[in-house]
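Summary of structural features
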Amino acid sequence: SSLELARLAQLYGREATELLAPAFSEADPLRALFRAQPSLELNDELRQILLAWRHRARALTDLEAKLELPRRLCTAGQYPGNALSSRWDAIQQGERLAEEERARLGLGRAPAPELPMLLESQGVRTALVPLPDDISGLTLQERAQDLMILVNAGHATTRHRFSFAHEYAHVLIDRERGSIVSRAGDRDELIEMRANSFAAGFLMPPDGVIEFVRELGKGRGSRDSAMVFDESLGSPLRVEGRAAPGSQDLQTYDAELAARYFGVSRIAMIYRFKTLGLIKQPHLEALRAAEELRWQVEIEQEKQQPRASSSDLTAFQQRFRTTALEAYRREIISRGKLVELGHLIELREVAMAALLADAASMDQEADS
């Protein structure tokens, strides 16, 4: 039956149309991805997690097709990936890519928006899933331009944001490579260095960070000078000013404030200060040492008081819920199917109740 066919398709991570095709390809894209990286293990648990999220992504695409929405393949920009000749070249390419993409999105100096929401708006599916600790994220690409970014749910929240930005770089410039696994052991690879450089530049734009620091009354040299010219033939006047000793030194609390503003970790902001020439190497070492001590204290506190799980819907769940409700309103799917889809994307009890309440209000409106 069609129901059995749908369940078989879900079990094997395929689409029903694939199972009915005259020429069936037995290749499993997930196994192919991990086979290409022998040091990674695709165990049954991880494979089931990835299959489940792939099924959810395809279910959303199917809903959009039923609603005759514009095909939501990846509409994110795609930039030519120039050959990387050195680490410095990788860093420079990443910075330029970040600058161009921020300009394309009209972000200016402002902090980047919520990354999952931005990616979903461009047809890239997103999810936070449990992954091995050395994997920060995956960019999965299977058919044409169907793309999904999965980020390690076990990492810190600020790291999630950096990981989404890192994978975003792979979407923008490494799309021809297909699926990519980002892991700590590959950090020295040039495409990974380019992606990290992009993430830093996209989340912490140079002009934005420098402007923010100067609004704190810092970031300038200990001595400034200016030339005053009055259109006369005489020599301009040279005026010098000197800041109070130590007043320009950036502190850990400055890094924390800037990190909160741009939505990154404190240590990421400290390194950004160094890259932008706002601090020197000895100052970097001092700030890093202080941050490591503080981080250890916070980790111990977090172990004693585990974080409560959030009841907020993810960007993917929000888009899925909205699309499913629209399909129900147009009577393309039944109420039973709407409930089934809510369970598919693992809506919490409160969110499921809200979904059913919305459906009930639609029914009342139709009756009236």
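Before going into details, it helps to say that this report is about the structure given with it.

We now examine the side chain of Glu192. Note that Glu192 resides in helix α8 (residues 190-203). Of note is the side chain of Glu192, whose polar atom sits 3.5 Å from the side chain of Ser182. With residues up to four places along the chain from it excluded, the contact list for Glu192 reads His166, His170, Ile180, Ser182, Asp186 and Arg187.

The subject of this paragraph is the packing of aromatic side chains. Evaluated as defined, the whole model comprises eight aromatic pairs. Note on Tyr168 and Phe198: the rings are 5.8 Å apart at their centroids and 80° apart in plane angle, and the pair reads as edge-to-face. Here Phe198 lies in helix α8 and Tyr168 lies in helix α7 (residues 157-173), a separation of 30 residues in the sequence. Overall, the relative accessible area of 0% leaves Phe198 in the buried class. Between Phe212 and Phe262, the ring centres sit 6.1 Å apart and the planes meet at 70°, which makes this aromatic pair edge-to-face. Separated by 50 residues along the polypeptide, Phe212 in helix α9 (residues 206-215) and Phe262 in helix α10 (residues 252-262) bring together distant segments of the chain.

We now examine the packing of α7 against α8. Viewed as axis vectors pointing N to C, α7 and α8 meet at an angle of 120°, and their least axial separation amounts to 8 Å. Viewed along their axes, α7 and α8 adopt a mutual orientation that is oblique. Here α7 runs over α8; the crossing is right-handed. In contact with Arg161, Phe162, Ala165, His166, Tyr168, Ala169, His170, Leu172 and Ile173 of α7, α8 contributes Ile191, Glu192, Arg194, Ala195, Asn196, Phe198, Ala199, Ala200, Phe202 and Leu203.

This part takes up the nonpolar core. As a rule of thumb, nonpolar side chains are buried together in soluble globular proteins. Grouped together as the largest cluster of nonpolar side chains are 44 residues, with contacts concentrated most on Tyr168, Phe202, Met204, Met269 and Phe273. Sort the elements by how many residues they give to this core and α7 lands first, with seven residues. With sequence-adjacent residues up to four places away left out, Phe273 is seen in contact with Val209, Val213, Leu250, Asp254, Ala255, Ala258, Leu278 and Ile279. If you look at the next biggest cluster of nonpolar residues, it comprises 35 residues, including Ala327, Leu341, Leu355 and Met362.

As a further point, take the environment of Leu287. With respect to the secondary-structure elements, Leu287 resides in helix α12 (residues 281-304). Take Leu287: its relative accessible area is 4%, and that puts it in the buried class. Note: C-alpha distance between Leu287 and Tyr271 (16 residues apart in sequence) is 9.5 Å. Residues contacting Leu287, with those up to four places away along its chain left out, are Leu250, Gln251, Thr252, Ile270 and Ile279.

Pairing is mixed across the open sheet formed by four strands, whose spatial order is β1-β3-β2-β4. Strands with a single pairing partner mark the edges of an open sheet, and in this sheet they are β1 (125-129) and β4 (180-183). Across the sheet, the mean angle from the axis of one strand to that of its neighbour is 15°, orientation sign disregarded. Pairing geometry for β1 and strand β3 (residues 147-152), over five bridges, is parallel. Residue Val129 lies in a different strand from β3, and its bridge partner there is Asn152.

Of the pockets and cavities examined, the largest pocket occupies roughly 2100 Å³. Taken together, 45 residues line the largest pocket, and the ones lying closest to its centre are Arg159, Phe162, Ser265, Ile267 and Ala268. Counting residues per element, the ones that place at least two in the lining of the largest pocket are α5 (87-105), α7, β4, α8, α10, α11 (266-275) and α12. Class assignment for the residues of the lining of the largest pocket results in 14 nonpolar, twelve polar and 19 charged.

Where helix α14 (residues 335-344) meets helix α15 (residues 349-367), the closest approach of the two axes is 10 Å, and the angle between their N-to-C directions is 160°. If you check the angle between α14 and α15, you find them roughly antiparallel. The hand of the α14/α15 crossing is right-handed. Across from Arg335, Leu338, Val339, Gly342 and His343 in α14, the residues of α15 making contact are Met352, Leu355, Leu356, Ala359, Ala360 and Asp363.

Tracing the sequence through the fold places Ser182 in strand β4. Residue Ser182 is classed as buried on the basis of its relative accessible area of 1%. Counting along the chain gives 31 residues from Ser182 to Val151, while the straight-line C-alpha distance between them is 9.5 Å. If near-sequence neighbours (up to four positions away) are discounted, Ser182 is found in contact with Asp134, Ile135, Ser136, Gly137, His166, Glu167, His170 and Glu192.

Moving on to empty space enclosed by the protein. A full pass over the atoms with the stated rule returns two cavities of 30 Å³ or more. Of the volumes computed, that of the second largest cavity is approximately 30 Å³. In terms of lining residues, the second largest cavity is bounded by Phe320, Arg321, Ala324, Leu338, Leu341, Gly342, Ile345, Leu347 and Leu355. Secondary structure elements with two or more residues in the lining of the second largest cavity: α13 (315-329) and α14. Residues that form the lining of the second largest cavity fall into these classes: seven nonpolar, one polar and one charged.

Calculation criteria
- Residues numbered from 1 in each chain as written.
- Predicted model: local features only at pLDDT ≥ 70, side-chain atom pairs only at ≥ 80, totals over all residues.
- Heavy atoms only, no water.
- Helix = DSSP H or I, 4+ residues; strand = E, 2+ residues; numbered from the N terminus.
- Polar contact = N/O pair within 3.5 Å; in protein donor to acceptor, adjacent residues only side chain to side chain.
- Contact = heavy atoms within 4.5 Å.
- Phe/Tyr/Trp six-rings, centres within 6.5 Å; stacked < 30°, edge-to-face > 60°.
- Buried < 20%, exposed > 50% of the residue type's maximum accessible area, 1.4 Å probe, protein only.
- Axes fitted to C-alpha atoms, helices over the stretch in contact; angles between N-to-C directions.
- Parallel < 35°, antiparallel > 145°, perpendicular 65-115°, else oblique.
- Left-handed = near helix turned anticlockwise from the far one by under 90°.
- Core = buried A, V, L, I, M, F, W, Y, C linked by side-chain atoms within 4.5 Å.
- Pairing = 2+ DSSP bridges.
- 1 Å grid on protein atoms, 1.4 Å probe; cavity = no way out; pocket = protein on both sides within 12 Å on 5 of 7 lines; lining within 4 Å.
- Points joined across faces, edges and corners; volume = space filled by probe spheres on them.
- Nonpolar A, V, L, I, M, F, W, Y, C, P; charged D, E, K, R; others polar.

Spatial relationships are all this shows, so hold off on functional conclusions.
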